[in-house]
Amino acid sequence: MALKEESNQKLSLLEKVSYGLGDTGSNLIYAAVTTYLTFYFTDVYGIGAAAVGTLLLVARLVDMLDSPIFGILIDKTNTRWGKSRPWILWSCLPFTIVTILLFMGPELSASGKLVYAYIFYIASNVLYTAVNNPLTTLLPSLSSDVQERTVANTFRMFGGQFGGLLVNLTLLPLVAFFGNGDQQKGFFHTMILFGAVGMVMFLITFFNTRERVQDRSGGKSLPLKESVKSIKGNMPWIAGVLLGVVFFIMYVIKLSSGIYYITYNLDKPDLVATVNTLGSLTLIGIIFVPFLSKKYSKKTLIISGMVINIVGQLIIHFSGQSTALVLAGTVIGAVGFGLPVGLLFALIADTVDYGEWKSGVRAQGLLASTASGIAIKLGSGLGGAIPAWLLAAGGYIANQTQSQSALQMIEISFIWLPITLSVVSILILVFLYKWDKPHHEIIAELEARRAQ
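Rules of the game
- Residues numbered from 1 in each chain as written.
- Predicted model: local features only at pLDDT ≥ 70, side-chain atom pairs only at ≥ 80, totals over all residues.
- Heavy atoms only, no water.
- UniProt positions renumbered as here; feature names shortened; annotations may be inferred.
- Core = buried A, V, L, I, M, F, W, Y, C linked by side-chain atoms within 4.5 Å.
- Buried < 20%, exposed > 50% of the residue type's maximum accessible area, 1.4 Å probe, protein only.
- Helix = DSSP H or I, 4+ residues; strand = E, 2+ residues; numbered from the N terminus.
- Contact = heavy atoms within 4.5 Å.
- 1 Å grid on protein atoms, 1.4 Å probe; cavity = no way out; pocket = protein on both sides within 12 Å on 5 of 7 lines; lining within 4 Å.
- Points joined across faces, edges and corners; volume = space filled by probe spheres on them.
- Nonpolar A, V, L, I, M, F, W, Y, C, P; charged D, E, K, R; others polar.
- Domains from an automatic or database assignment.
- Axes fitted to C-alpha atoms, helices over the stretch in contact; angles between N-to-C directions.
- Parallel < 35°, antiparallel > 145°, perpendicular 65-115°, else oblique.
- Left-handed = near helix turned anticlockwise from the far one by under 90°.
- Phe/Tyr/Trp six-rings, centres within 6.5 Å; stacked < 30°, edge-to-face > 60°.
- Lys NZ or Arg CZ within 6 Å of the ring centre and 35° of its normal.

Under an unreviewed UniProt entry, the name given to the protein chain is Sugar (Glycoside-pentoside-hexuronide) transporter, and the organism recorded is Fontibacillus solani. UniProt lists a comment for the protein chain under the heading Subcellular location (unreviewed entry), and it reads "Cell membrane".

In structure tokens, the structure reads:
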């Protein structure tokens with residue numbers, strides 16, 4: 001059954017909200033992994049910091065292979081539901097179950113714990129790709145109207161950050177409630193709750209979204225040989241991939257190292273939940289994206305966001321352990337961070353149009369899935385591994401007063417690496433993200449081609 005071409009149709013509020021809930025569900029489950037897994041492994045499950053760092057990177061490097069595979073599979077998928085949406089339906093239950101089991105924490109030997117962690121962390125990553133990458137490949141198919149896509153992506157990013165906010169607000173209190181002094185039990189039961197709610201959100205996304213934009217093949221299966229043509233000469237896509245990798249390294253470093261910096265460098269462990277919650281005020285930056293994007297380019301807004309993020313980091317560094325300044329720096333950095341969070345996947349979706357205009361092939365599955373997959377997997381892998389390795393290099397010992405070298409490594413992770421990576425992101429956008437002609441002209445040409 002062919003899908004009706006309605007590429008310029010405006011999206012309803014229900015569809016935009018439903019699209020956003022897909023990322024809320026993803027983050028409700030996976031933000032717990034991104035933010036707390038390093039701490040869970042080192043301080044709850046009892047795996048050494050160096051081993052955890054290697055685990056996080058190796059698992060992500062292995063997992064990188066699945067992103068282009070799922071992208072190709074999405075391009076080859078042709079169902080009455082479209083190409084991307086079926087994968088959300090098929091993958092949401094396995095992803096939820098495996099991620100819950102990741103936090104089950106069975107009593108095993110030291111080597112047995114490490115093997116268990118490798119198996120379930122890799123499986124969780126693969127299934128995350130299967131359920132989350134279709135959200136990215138779905139975006140360029142929702143509408144060919146660039147502003148509509150930007151708004152839809154804003155709903156997605158808002159939903160994702162809202163899921164992260166819920167995790168930061170409730171995870172540690174729920175762990176304490178369910179565990180009653182047993183953190184292992186608390187983490188496991190909390191993840192069961194998050195998983196059940198996340199499943200409902202995935203199903204809402206599946207049932208209330210539609211795929212409208214097709215290439216000239218009419219939605220037929222696209223051979224791999226044809227798909228790869230969309231990459232050739234697509235410099236905006238390459239720049240988008242590089243930007244995504246750097247962004248996720250920075251994003252995960254900030255998330256995973258924050259609990260250590262607040263607990264040991266600031267000696268304010270009771271402030272962890274507050275700082276993590278305020279870090280979710282990226283929502284404010286995301287809310288402004290649809291309005292600012294009418295006047296300013298994605299490139300300009302992302303650069304502005306990175307500059308604001310740098311300012312926030314510097315305020316925290318020079319806070320002199322003042323709680324008020326730490327919180328102020330966190331809020332400023334988070335609001336600035338909301339601009340790239342709200343625009344990164346929309347920027348990548350735009351490169352699907354560029355690839356089709358350049359090559360004549362619309363391979364949203366390969367381009368969007370591979371770009372987001374490489375960015376998320378490689379970036380998150382390095383973002384999780386680097387802080388853990390620095391902890392080990394500094395002589396970190398869990399649940400103990402830390403040495404000066406360990407405190408220095410934690411500060412490098414939480415303050416200076418995000419600043420450095422923000423600068424690198426700006427350089428990528430300034431020197432590499434360039435188009436042959438304005439995006440609106442490319443869209444007009446593509447619409448003319450499809451009408452022939």
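A. Focus on the nonpolar core. In this structure, Leu37, Phe41, Tyr121 and Phe247 are the most contacted members of the largest nonpolar core, which totals 108 residues. Per-element accounting of this core gives the leading share, 18 residues, to helix H9 (residues 235-265). Setting aside anything within four residues of it in sequence, one finds tyrosine 121 in contact with Tyr30, Val33, Leu37, Leu55, Leu56, Ala59, Arg60 and Leu102.

B. Inspection of empty space enclosed by the protein at higher detail. All chains considered together, the criterion is met by three cavities of 30 Å³ or more. If you trace the largest cavity, you find 43 residues lining it, with Asn27, Gln161, Tyr251, Leu255 and Phe337 closest to the centre. Among the residues forming the lining of the largest cavity, the class breakdown is 20 nonpolar, 19 polar and four charged. Looking at the second largest cavity, its volume works out to about 90 Å³. Taken together, Tyr30, Val33, Thr34, Leu37, Thr38, Leu56, Arg60, Tyr121, Val252, Ser256, Ser380 and Gly384 make up the lining of the second largest cavity. Every element with two or more residues in the lining of the second largest cavity is listed here: helix H1 (13-44), helix H2 (49-64), H9 and helix H14 (364-393). If you tally residues by element for the lining of the second largest cavity, the top one is H1, at five residues. Of the residues contributing to the lining of the second largest cavity, the split by class is six nonpolar, five polar and one charged. Split by domain, the residues of the lining of the second largest cavity number at least three in each of domain 1 (14-208) and domain 2 (224-451).

C. Representation of the packing of helix H6 (residues 146-179) against helix H7 (residues 183-208) in the model. Contact geometry of H6 with H7 gives a least axis separation of 7 Å together with a crossing angle of 125 degrees. The pairing of H6 with H7 is recorded here as oblique in orientation. Pair H6 / H7 crosses with right-handed handedness. Residues Val167, Thr170, Leu171, Leu174, Val175, Phe178 and Gly179 of H6 pack against Gln183, Lys185, Gly186, Phe187, His189, Thr190, Leu193 and Phe194 of H7. Here the contact of H6 with H7 is built from residues that sort into eight nonpolar, six polar and one charged.

D. Representation of the packing of aromatic side chains in the model. Counted under the stated rule, the structure contains 27 aromatic pairs. Ring geometry for tyrosine 30 versus phenylalanine 95: centroids 6.2 Å apart, planes at 45 degrees, classification tilted. Of the two residues, tyrosine 30 is situated in helix H1 and phenylalanine 95 in helix H4 (residues 85-102); the sequence distance between them amounts to 65 residues. Aromatic side chains phenylalanine 248 and tyrosine 251 sit 6.2 Å apart centroid to centroid with 90 degrees between the ring planes, which places their arrangement in the edge-to-face category. Of this pair, phenylalanine 248 and tyrosine 251 are both found in helix H9, three residues apart, which corresponds to roughly one turn of the helix. One aromatic cluster is present, formed by Tyr40, Phe41, Tyr45, Phe103 and Phe187 through successive ring pairs. Positioned above the aromatic ring of phenylalanine 206, the side-chain terminus of arginine 85 is 4.8 Å from the ring centre. For lysine 113, the ring lying beneath its charged end belongs to tyrosine 45, and the centroid distance is 4.9 Å.

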